[in-house]
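Close look at the chain arrangement
So you can see what is in the structure, the chains are spelled out below.
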Amino acid sequence: MRPIFRIICLAVLFLGLSACTPRDRYIAISGYAQGGTYTVKLNLKGVTARPEALRDGIDSILTRIDTTLSGYNKGSQLSRFNQGGSIVPNDLFREIFLAAKAYRDETGGALDVAAAPLFDAWGFGFSNDSLPSAETVAALMEACDLDRIPEDLTHADGQRLNYNAIAQGYSCDKVAAYLRSFGVKDMLVDIGEIFCDGLNPSGRPWTLAVDKPVDGNNDPGAQIQAKWQSSGGPCGVVTSGNYRKFYIRDGKKYAHTIDPRSGRPVEHNLLSATIVAPTAMDADAYATYCMVIGLQEARAFIEGRADLEGYLIYEEDGQMKTWASEGFNLI
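Rules used throughout
Residues numbered from 1 in each chain as written. Predicted model: local features only at pLDDT ≥ 70, side-chain atom pairs only at ≥ 80, totals over all residues. Heavy atoms only, no water. Helix = DSSP H or I, 4+ residues; strand = E, 2+ residues; numbered from the N terminus. Buried < 20%, exposed > 50% of the residue type's maximum accessible area, 1.4 Å probe, protein only. Polar contact = N/O pair within 3.5 Å; in protein donor to acceptor, adjacent residues only side chain to side chain. Contact = heavy atoms within 4.5 Å. Pairing = 2+ DSSP bridges. Core = buried A, V, L, I, M, F, W, Y, C linked by side-chain atoms within 4.5 Å. Disulfide = S-S within 2.5 Å. Axes fitted to C-alpha atoms, helices over the stretch in contact; angles between N-to-C directions. Parallel < 35°, antiparallel > 145°, perpendicular 65-115°, else oblique. Left-handed = near helix turned anticlockwise from the far one by under 90°. Nonpolar A, V, L, I, M, F, W, Y, C, P; charged D, E, K, R; others polar.

Remarks on the side chain of Q77
The residue Q77 is located in helix α2 (residues 77-82) in this model. Q77 sits in the buried class, given a relative accessible area of 11%. Among the polar contacts made by the side chain of Q77, one reaches the main-chain carbonyl oxygen of V88 at a distance of 3.0 Å. Ignoring sequence-local partners within four residues, the contact set of Q77 consists of T67, T68, I87, V88, P89, N90 and F93.

See below:
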């Protein structure tokens, strides 16, 4: 699960002319966020909107997502909903709720945003608790039920939601759709998760690194396991793993991936899952799903989906090993 970032400030940087055509003009719009940064790289070729206007539009989108879906913003619709208050849900709240419910149904409950109390209990949600008793876990599992929430979404009816497994991918898709509405064809949207389309400033498909899933590797790009290159078409790319968010008690590691079906952190040999999907929200959701179900089921899931590609890193006999689907373009 990953936090929704709240915008603090934005900057526009010109990257200069690329090797594509003389009229290509790439810029990067970057900002500082709660807990990290984000960057949007895009080609202004054929785009009449001024960079400052695009910056302001991205700012507006991300601020609206924060005030709607962030569990860390105490005034957001989600926070007020989780606290038992009545809300007038906006279109973002309704859209992501319906998407989350579809993921819950598709995965047989392995992805369930109503499992927020379980994440809190294990210390990976919006609180700092940890190591709940078996009785506490059983009681929370009994109480968590997405179907109890009324269709109008005006109140939670005792439920609490956590969208951290899909919200950053959702944010990427919203920003990409906004840029596409202005005619942007070449872009890379990085908001913790990634959406890319078209070509980079060198005139080649976008290339991304997959971090080595070593415990404590908290600096993206510091230790790289592999590199992936896009086909030049639109896609979301997300890696989920258990090497950055975990704690150790009495010599045992408790990872942040919780299986709502068991109510406990997962225990298997899959270290990270990278998914390429048509949207960043799909990639976000399915990368988390793979981390819930483990290596063998994840591999079968990816191979059974014509619209997905995947790259799995796992441990076997004390060694780190990898598996890539046929269409996952390693370079």
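Comments concerning the pairing of strand β14 (residues 309-316)
Looking along a regular strand, one sees side chains alternate from face to face of the sheet. Where strand β13 (residues 270-277) lies against β14, 6 bridges are found, and the strand directions are antiparallel. Each residue of the ladder has a partner; that of I275, found in β14, is G310. When β14 meets strand β15 (residues 319-324), the two strands line up antiparallel, connected through 6 bridges. When the sheet's bridge partners are listed, E315 is paired in β15 with M320. Count of turn residues in the β14/β15 antiparallel hairpin: 2 residues, of which D317 carries a positive phi of about 55°.

Here's the deal with the nonpolar core
Formed by 71 residues in total, the largest nonpolar core has its most connected members in L161, Y163, L179 and V189. Tallying contributions element by element places helix α7 (residues 280-293) first for this core, with 11 residues. Among all residues touching V189, those that are not within four sequence positions of it are T39, V40, C172, V175, A176, L179, I194 and F195. Residues L188, I194, A226 and F328 belong to the second largest nonpolar core, which totals 15 residues.

Re the environment of L161
Structurally, L161 is set in the loop between α5 (134-143) and α6 (167-180). Separated by 48 residues in the primary sequence, L161 and V113 have C-alpha atoms spaced 5.2 Å apart. Setting aside residues up to four positions removed in sequence, L161 forms contacts with L78, F81, N82, F97, V113, A114, A116, F126, L146 and I149.

Details of the state of the cysteines
One pass over the full model with this rule turns up 0 disulfides. As a non-bridged cysteine, C235 has C196 as the owner of its nearest cysteine sulfur, 3.8 Å distant. For C235, a relative accessible area of 7% gives the class buried. Considering cysteine sulfurs only, C235 is the nearest to C290, which forms no disulfide, with 16 Å between them. Judged by relative accessible area, C290 falls into the buried class, the value being 0%.

Concerning the packing of helix α1 (residues 51-69) against helix α3 (residues 91-106)
It is the contact of α1 with α3, at a shortest axis distance of 9 Å, that shows an interaxial angle of 70°. Relative to α3, the element α1 is oriented roughly perpendicular. When the axes of α1 and α3 are compared, the crossing they make is right-handed. Taking contact as the criterion, the partners of R64, I65, T68 and L69 in α1 are, on α3, D91, L92, F93 and I96. Classifying every residue of the contact of α1 with α3 gives 5 nonpolar, 1 polar and 2 charged.

By themselves, these are just geometric observations and shouldn't be taken as functional.
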